[in-house]
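Structural overview for review
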Amino acid sequence: MIMAVSKADKDSAVSVDYRGNPVDNSKTGGWLAAGLILGTELSERICVMGISMNLVTYLTRILHLSSSQSANTVTNFMGALNILALFGGFLADAKLGRFLTIAIFASICAVGVTLLTIATSLPSMKPPKCVDPSRQSCVEATGSQLAMLYVALYTIALGGGGIKSNVSGFGSDQFDTSDPKEEKKMVYFFNRFYFCISLGSLFAVTVLVYIQDNVGRGLGYGISAGTMIIAVVVLLGGTTLYRYKKPQGSPLTVIWRVVFLAIKNRNLPYPASPVSLNEYSNSKVPHTTKFRLLDKAAVLDDYAASDGKKTNPWIVSTVTQVEEVKMVISLIPIWSTCILFWTVYSQMNTFTIEQATLMNRKVARFTIPAGSFSVFLFLSILLFTSLNERVIVPIARKITHDPKGLRSLQRVGIGLILSIIGMVASALVEKRRRNMHQNEMMNISAFWLVPQFFLVGAGEAFAYVGQLEFFIREAPERMKSMSTGLFLSTLAMGFFMSSVLVTLTDMATDSRWLTNNLNKGKLENFYGLLAILGVLNFVIFLFLASRHQYKVQNYNVEDKEIENWNTEMVDDIEVKKATIEGKEEA
């Protein structure tokens, strides 16, 4: 069935150049423009990964905070960064547009990293040095010493959130999906997007972490600040090359209005056919029967049908608005099952790095920084991102006869399975490490951590790309930045859940599992707990994923729905006709 599209909707979907004129596809967009945009995300990843992957060692060794407090500081920082992506997405969709939002928040991020450079360079921002923590009680950093550090971290979180929620959407705007050649390029965009930012992560956990540990934190963070400043300049330099889409108003306002009107009109009867709903024929989104209660927001009663009232969004919603809200609601169940993956992932930033500090990290005469062992996480991501595009997807296409090869939710499912196996491997390695220490044997090699990094990294290559594609493709077009923020909020909730689980575990076990000295704790039990939760979460995910209908399926649903409505109407007419004829004969 062909749906009519209103002029306003067409205008909102059209890309324009920096002057506001319709774009010339031969001079704008494409991989060059997308590459300049991805440079900003590359720099953001260098900054954030260079901080998060090695921050726990700074907090425990330099600021002398406890293991659980240090882990929660890192996960809360990462959680804030990703939850603030919702705010950045809201601003872009509602008012500023993606380009301006990225430029502003990238500048804020640069200020934050500069503040962090100062906070970690000034001697007054650190407590007295502690030579041997195992033999003496170290003085923890005071509140005033931590204050500037926290201000810097959450300024970075604000800036990074605004970047992350808009870069992928703005990058995908550079491809015209109505052009078969550009549509083909678009298929590989998300994979290459993640491959690119993984390279930035790789640089951060090797070069920057080494500089931070062996030269100085100030220099390491100073390089990150310089990188972000350069990224802002490059982004602004490509202004004439980009394709822009105008912001279309606050998606939160649309959601609130539809829900409000549906509740207000809950006692109104449903129309005989969905064709009677407000602006049904002009809807650019097919009408569906799911969440039917929300259709009440588009019901035209006598008051709403009067002159001038149909266009007032606070009196009656359009079918397009109702269906967009339905799309967002449909994302929530899958959203909830993606959270635990990032809870598992957060252990790679915290306790796994602490494990590495207690293991043998020497290769010949060189001692590898503990934070640099996360290089295996990103090598695994790069490997499987490449394999996805060149090997796994082509094989999957032949098996499933699906042009996509692997659907987004199939990718997510694979990622969840790998994260569970990663936690089992983590528990086994930690138990072995602690037993060797207690038996006064030679310290186990830190390379025993590689399997858990490898497994969780492979899981991220599937889960991140799958979730990003799912939330962007399945969300309404006008809410693309908001939907990216919704995806990133799963990361935020995952990091926050890690903080909650650490705190609850600490309380429930009286600090016996997660002690300041991991040699005296039972970290493997905590990893085992995450593996069990992962299995339960995967079962729920399978159930929800099997019931989810992708957007392209909705068109088929709509055709069947209209056919059913027509059949019901014909049957109803025939029944009434027979009744009348019967009365006449009587």
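Residues numbered from 1 in each chain as written. Predicted model: local features only at pLDDT ≥ 70, side-chain atom pairs only at ≥ 80, totals over all residues. Heavy atoms only, no water.

1. Here we look at the confidence of the model for the chain
Note the following rule: Per-residue confidence from the predictor is given as pLDDT, running between 0 and 100. Runs of H or I in DSSP of at least four residues are treated as helices and runs of E of at least two as strands, each being numbered from the N terminus. Any two residues whose heavy atoms approach within 4.5 Å at even a single point are treated as in contact.
Residues of the chain with pLDDT of at least 70 account for 89%, and the chain-wide mean is 81. Confidence scores differ between elements of the chain, with helix α1 (residues 7-13) showing the lowest mean pLDDT of 42 and helix α18 (residues 523-547) the highest of 93. Of the regions scoring below 50 in pLDDT, residues 553-586 engages in 27 contacts with residues more than four places distant in sequence or in other chains.

2. So, a nonpolar patch on the surface
Counted only if it meets this: Nonpolar side chains (Val, Leu, Ile, Met, Phe, Trp, Tyr) within 5 Å and like charges within 9 Å form the patches, drawn only from residues with over 30% relative accessible area and no salt bridge. Computed with the Shrake-Rupley method and a 1.4 Å probe, the accessible areas treat only the protein chains shown as cover for residues. A carboxyl oxygen of Asp or Glu within 4 Å of a side-chain nitrogen of Lys or Arg is what we treat as a salt bridge.
On the surface, a cluster of nonpolar side chains totalling about 500 Å² of accessible area is made up of L383, L387, V391, I395, I399 and F454. With five residues, the top contributor of residues to the nonpolar patch is helix α14 (residues 375-400). By the secondary structure assignment, I395 is in helix α14.

3. Thoughts on the packing of helix α12 (residues 319-346) against helix α16 (residues 450-474)
Counted only if it meets this: As a rule, the C-alpha atoms of each element are fitted with a line to give its axis, helices using only the stretch in contact, and angles between N-to-C directions run from 0 to 180 degrees. Oblique is the label for any angle not covered by the other classes, which are roughly parallel (under 35 degrees), roughly antiparallel (over 145) and roughly perpendicular (65 to 115). If you view the pair so one helix is near and one far, a crossing is left-handed when the near helix is turned anticlockwise from the far one by less than a right angle, and right-handed when it is turned clockwise. In this classification, the charged set is Asp, Glu, Lys and Arg, the nonpolar set is Ala, Val, Leu, Ile, Met, Phe, Trp, Tyr, Cys and Pro, and all remaining amino acids, among them Gly, are polar.
Taken N-terminus to C-terminus, the directions of α12 and α16 make an angle of 165°; their axes are 11 Å apart at the nearest point. Overall, the two elements α12 and α16 adopt an arrangement that is roughly antiparallel. Taken as a pair, α12 and α16 cross one another with a handedness that is left-handed. On α16, the residues that touch M327, L331, I334, W335, C338, F341, W342, V344 and Y345 of α12 are V456, G459, E460, A463, Y464, Q467, F470, F471 and E474. Class assignment of the residues belonging to the contact of α12 with α16 gives a composition of 14 nonpolar, two polar and two charged.

4. Observations regarding the pattern of salt bridges
Spelled out, the test is: Accessibility here uses a 1.4 Å probe with only protein chains present; expressed as a share of the type maximum, an area under 20% marks a residue as buried, one over 50% as exposed, and anything in between as partly exposed.
Under the criterion given, the structure shown has nine salt bridges. We note a salt bridge from K164 to E44, for which the minimum N-O separation is 4.0 Å. Residue K164 is located in helix α6 (residues 143-172), and its partner E44 is located in helix α2 (residues 30-52); the two are separated by 120 residues in the primary sequence. Of the two residues, K164 and E44, neither departs from the other in class, the shared state being buried. Members of the salt-bridge network, linked through shared partners, are E41, E44 and K164.

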